Amino acid sequence: MLGEMLESVRKTGPLVHNITNYVTANDCANILLACGASPIMADEEEEAEEISALCRATNINLGTLNRRSIPAMLKAGKAAAALGHPVLLDPVGAGASQLRTETAGRLLEEIPFSIVRANMSEIRALAQGQGESRGVDACAEDRVSRENLPQALDFIRSFAKKIGAVVSVSGEIDIISDGERAFCVYNGRPEMSAVTGTGCMLSAMTGAYAGANPGKLLEAAAAAVCAMGVCGELAFARMGPLDGNAGYKNYIIDAVYNLNAETLERRAKIELW
Amino acid sequence: MLGEMLESVRKTGPLVHNITNYVTANDCANILLACGASPIMADEEEEAEEISALCRATNINLGTLNRRSIPAMLKAGKAAAALGHPVLLDPVGAGASQLRTETAGRLLEEIPFSIVRANMSEIRALAQGQGESRGVDACAEDRVSRENLPQALDFIRSFAKKIGAVVSVSGEIDIISDGERAFCVYNGRPEMSAVTGTGCMLSAMTGAYAGANPGKLLEAAAAAVCAMGVCGELAFARMGPLDGNAGYKNYIIDAVYNLNAETLERRAKIELW
Amino acid sequence: MLGEMLESVRKTGPLVHNITNYVTANDCANILLACGASPIMADEEEEAEEISALCRATNINLGTLNRRSIPAMLKAGKAAAALGHPVLLDPVGAGASQLRTETAGRLLEEIPFSIVRANMSEIRALAQGQGESRGVDACAEDRVSRENLPQALDFIRSFAKKIGAVVSVSGEIDIISDGERAFCVYNGRPEMSAVTGTGCMLSAMTGAYAGANPGKLLEAAAAAVCAMGVCGELAFARMGPLDGNAGYKNYIIDAVYNLNAETLERRAKIELW
């Protein structure tokens, strides 16, 4: 299943429309190219619908949210959804400010998202319409471990059912659920959190996987999570004693560039719950 | 000729004003520094004229076009042109949305550009006032090959004559024409299209070459194209089995940093048509 | 002293709010993570106070100044100062345009900054309410050398006293003063100026050091300057013959990631004047 998802990205080269932040836009564009897709970043309201219509998936990210781009998000998201394209939300920093929590809530109400990709603190903020968040990272008390996994799974499953979308939560253990089925993924490295934008990059790549596999959104989202985690591991293995988070970032994107179906299948640690 | 263009950038260190997109701004700044120039990125209308006047060239890029920065583009472009500085347009995504096509058209009408640097699909969109484009990349049917080179040359030459600017078109074969003479450049690697922003970087570097060689715009633009292509080749030769597009990007900028006149002259594959 | 400052960043992991430019935002975020802090980039007025309140320090950078973000700067800066958090100004390009010089002046009037981090040309522009600047780099005539060091120290000391903040000036010799005491730092490499954003990165890191050591701002700012300079040297030692400014940038961030108190203490070249 996972390898098939990857192959389909490489074969069809989906164009992904990103309305995203200026901190990680370059890395998101390069990781899209690395996995076989093509990026377009465009956040002007006036062209939002046209650009989204050209694409196979739309990725909305609240990283450096500003009022000016919210109308573009709404137009792009609705236009893409109307055409049956997967639309993904990455509610960066939901819970960190009222503007972010409310904007995420409003987008969720007005756009029929296919996928929401976030950390657990952001998902809690969405679920409660408020929340507490340590900036753009997950709070310690929201960590998913073997111990609280059943509760976390229940929570994500029911939130996914409630919003009618695939929910992909990143953390020590990743959870991906469509409200019925749920996958747990155990790949990745803790050092990935020392690279800014690994979450944003995963969201962009999830957009590509969804765009190339629109009939299998749960599997596509899970495959993107596995790909990112496996590449985090492969990149870590490449680190020398002088390397740090800058080298690590490059190695992660390079690993995505070189990843093939066979390696993804072999290294993925995924369970269906 | 080519080496002289390069030396003049290194000797005079031209400051280049960039009104550009937030996806590739960092790479454009670093490639300007790599070739011996200095970048300044500034897109606020209020200071556009002042900043452009400080600089030796102005580079306008529509990558993440938004309404807010169009007045800054107009002011900066006109101020620079009035001072006799080279002004360059990179109409990213012209043809992909009405906003982009129309904005590029309006800029071309109101600013006496010295150089337009784009891919063939974007040039066609400008020439026709509309067009079809696969996002920010060229369409397959717009590929320039040995077979259709004569027609492509005619088209670019006459478009350059019509707009009274040097036109620099990137592709498998690059074409640079001032409406009379035309150069074809055969350097570069197909893998460069897997790095986001190689086009933007070339535009920025073309701005530097033009700013340092204002009396020889055609040669300057051609030399920048050769430099970028040669560096794409040198960088590719440096790739190891684990490298991907992130490593490749760094190697390209590094190669520009280390490029000298002798290597450029020796490796350039350029023909006058 | 220096090692203690560094350890305190690694121990407390301060969250730093950055209102910064889109050219170097990614590198600033990664260098904050590298030194043990966490970044949040947010420039929307509506959430500025909330975000700054979540953080331990606020870093305001005029790199790609636009009118829209000035109200956010004012709100974030005032809110942070009211909470007793260190607030830092990096007046990029002050002197290069009236908008930048005036905005820097207005921010200095309305926000009780803890630290101003800039090059000498920018500081002169602030001190005179105007100035001349070669874009975003210091002018040659503003270079601090052994010869003019006493005058430069007097100037910086009195400017620091006048504005009631620590002033951290980067150059061949760095000067850091709180109006009474002053440090000179002799670390760093001239090649660092070929990497875009080394100044912005230092400002961000100074924010982290200040946030983790709020009672010792002069020492914190000096330690950040030493850390950046030492890492510039360590990164330079790692350069191979094919490396250029892109590799150098990665190596600098990687060196910050791997820097420990012992190395910082041993390699720092700092004098109290």
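For the structure, see preceding data.
### Considering the relation of the copies chain A and chain B
Then step 1. Here chain A sits on chain B after a turn of 120° about the axis and a move of 0.0 Å along it, with an RMSD of 0.0 Å. Given the turn and translation reported, the copies of this chain are related as if by a three-fold rotation axis. Relative to the rotation axis, the closest C-alpha in chain A is found at A:Tyr22, a distance of 3.3 Å.

### Digging into the state of the cysteines
Then step 1. Using the criterion set out here, one finds zero disulfides over all chains in the structure.
Then step 2. Considering cysteine sulfurs only, A:Cys200 is the nearest to A:Cys28, which forms no disulfide, with 5.1 Å between them.

### Considering the relation of the copies chain C and chain B
Then step 1. Once turned by 120° and shifted 0.0 Å along the axis, chain C lies on chain B with an RMSD of 0.0 Å.
Then step 2. An overlap of only 6% is found between the interface residues of chain C and their copies at the interface of chain B, pointing to separate contact surfaces.

### Quick look at the environment of B:Trp273
Residues and elements named next belong to chain B.
Then step 1. Turning to its location among the elements, Trp 273 is positioned in the segment after β9 (270-272).
Then step 2. As a C-alpha pair, Trp 273 and Ser 177 span 96 residues in sequence and 9.3 Å in three-dimensional space.
Then step 3. Only 3.0 Å separates the side chain of Trp 273 from the side chain of Glu 271, close enough to count as a polar contact.

### A few points about the pattern of salt bridges
Residues and elements named next belong to chain B.
Then step 1. In this structure the tally under the stated criterion is 60 salt bridges over all chains.
Then step 2. A salt bridge links Glu 180 to Lys 161, with the shortest nitrogen-to-oxygen separation between them at 3.7 Å. Of this pair, Glu 180 sits in the loop between β7 (174-177) and β8 (182-185) while Lys 161 is found in helix α7 (residues 149-163), placing the two residues 19 residues apart along the sequence.
Then step 3. Judged by relative accessible area, Glu 180 falls into the exposed class, the value being 53%.

### A short note on the interface of chain C and chain B
Then step 1. Contacts between the two partners involve 33 residues from chain C, matched on the other side by 30 residues from chain B.
Then step 2. Regarding the contact of chain C and chain B, the summed buried area is about 2,600 Å², with carbon and sulfur atoms giving 48% of it.
Then step 3. Viewed at the interface, chain B and chain C are joined by three salt bridges.
Then step 4. Note that C:Asp243 is salt-bridged to B:Arg238, the shortest N-O span being 2.6 Å.
Then step 5. In this assembly, chain C and chain B are joined by 20 residue pairs in polar contact (both at pLDDT 80 or more).
Then step 6. At the level of secondary structure, the elements contributing two or more residues to the side of chain C that touches chain B comprise α5 (98-110) and α10 (245-258) of chain C.
Then step 7. Tallying contributions element by element places α10(C) first for the side of chain C that touches chain B, with five residues.
Then step 8. When the residues that make up the side of chain C that touches chain B are grouped by side-chain class, the tally is eleven nonpolar, 14 polar and eight charged.

### Thoughts on the sheet that holds strand β6 (residues 166-170) of chain C
All names here are of chain C.
Then step 1. Reading across from one edge, β2-β1-β3-β4-β5-β6-β7-β8-β9 is the order of the nine strands in this open sheet, with mixed pairing throughout. Edge positions in the open sheet fall to β2 (38-41) and β9 (270-272), since each of these has one partner strand only. Across the sheet, the mean angle separating the axes of adjacent strands is 20° when strand polarity is ignored.
Then step 2. Seen against the sheet, helix α9 (residues 217-237) touches β5 (115-119), β6, β7 (174-177), β8 (182-185) and β9 and runs at an angle of roughly 165° to β7.

### Examining the sheet that holds strand β2 (residues 38-41) of chain B
All names here are of chain B.
Then step 1. The nine strands are arranged β2-β1-β3-β4-β5-β6-β7-β8-β9 in an open sheet whose pairing can be described as mixed. Only two strands of the sheet have a single partner each, and these edge strands are β2 and β9. The sheet shows a mean angle of 20° between the axes of neighbouring strands, direction not considered.
Then step 2. The sheet contact formed by strand β1 (residues 15-19) and β2 spans four bridges and is parallel. Each residue of the ladder has a partner; that of His 17, found in β2, is Ile 40.

### Regarding the interface of chain A and chain B
Then step 1. Taken together, the contact pairs 31 residues of chain A with 33 residues of chain B.
Then step 2. Counting across the chain A and chain B interface gives three salt bridges.
Then step 3. At the junction of chain A and chain B, the tally comes to 20 residue pairs in polar contact (both at pLDDT 80 or more).
Then step 4. The element that contributes the greatest number of residues to the side of chain A that touches chain B is helix α2 (residues 25-35) of chain A, accounting for six residues.
Then step 5. Of the residues belonging to the side of chain A that touches chain B, the class tally is 15 nonpolar, eight polar and eight charged.

### Looking at helix α7 (residues 149-163) of chain A
Residues and elements named next belong to chain A.
Then step 1. Helix length check: α7 (15 residues) gives 21 Å between terminal C-alpha atoms against 21 Å at 1.5 Å per residue, within 8%.
Then step 2. All buried positions along α7 are accounted for by Leu 149, Ala 152, Leu 153, Phe 155, Ile 156, Phe 159 and Ala 160. End-on view of α7: buried residues confined to an arc of 165°, all on one side of the axis. In α7, the exposed residues that point more than 90 degrees away from the buried face are Gln 151, Asp 154, Lys 161 and Lys 162.
Then step 3. In the segment just after α7, Gly 164 is the residue with positive phi, at about 65°.

### Concerning the packing of aromatic side chains
All names here are of chain A.
Then step 1. In this structure the tally under the stated criterion is three aromatic pairs over all chains.
Then step 2. With a centroid separation of 6.0 Å and an interplanar angle of 75°, the aromatic rings of Phe 236 and Tyr 248 are classed as edge-to-face. One end of the pair, Phe 236, is in helix α9 (residues 217-237); the other, Tyr 248, is in helix α10 (residues 245-258), and twelve residues separate them in sequence.
Then step 3. Phe 236 gets classed as partly exposed once you look at its relative accessible area, which sits at 27%.
Then step 4. With a relative accessible area of 2%, Tyr 248 lands in the buried category.
Then step 5. Positioned above the aromatic ring of Phe 155, the side-chain terminus of Arg 124 is 4.7 Å from the ring centre.
Then step 6. Here the guanidinium or amino end of Arg 189 rests over the ring plane of Phe 236, the centre of that ring lying 3.8 Å away.

### Re the environment of B:Ala80
All names here are of chain B.
Then step 1. Tracing the chain through its elements places Ala 80 in helix α4 (residues 70-82).
Then step 2. Through-space distance from the C-alpha of Ala 80 to that of Cys 55 is 8.2 Å; in sequence the pair is 25 residues apart.
Then step 3. Once residues within four sequence positions are removed from consideration, Ala 80 is found in contact with Ser 52, Thr 58, His 85 and Val 87.

Thresholds, definitions, all that
Residues numbered from 1 in each chain as written. Chains lettered and ligands numbered in written order. Predicted model: local features only at pLDDT ≥ 70, side-chain atom pairs only at ≥ 80, totals over all residues. Heavy atoms only, no water. Least-squares fit on C-alpha atoms with pLDDT ≥ 70 in both. Disulfide = S-S within 2.5 Å. Contact = heavy atoms within 4.5 Å. Helix = DSSP H or I, 4+ residues; strand = E, 2+ residues; numbered from the N terminus. Polar contact = N/O pair within 3.5 Å; in protein donor to acceptor, adjacent residues only side chain to side chain. Salt bridge = Lys/Arg side-chain N within 4 Å of Asp/Glu carboxyl O. Buried < 20%, exposed > 50% of the residue type's maximum accessible area, 1.4 Å probe, protein only. Buried area = accessible area lost by both parts, 1.4 Å probe. Nonpolar A, V, L, I, M, F, W, Y, C, P; charged D, E, K, R; others polar. Pairing = 2+ DSSP bridges. Axes fitted to C-alpha atoms, helices over the stretch in contact; angles between N-to-C directions. Expected span 1.5 Å × (residues − 1). Arc of directions from axis to C-beta. Phe/Tyr/Trp six-rings, centres within 6.5 Å; stacked < 30°, edge-to-face > 60°. Lys NZ or Arg CZ within 6 Å of the ring centre and 35° of its normal.

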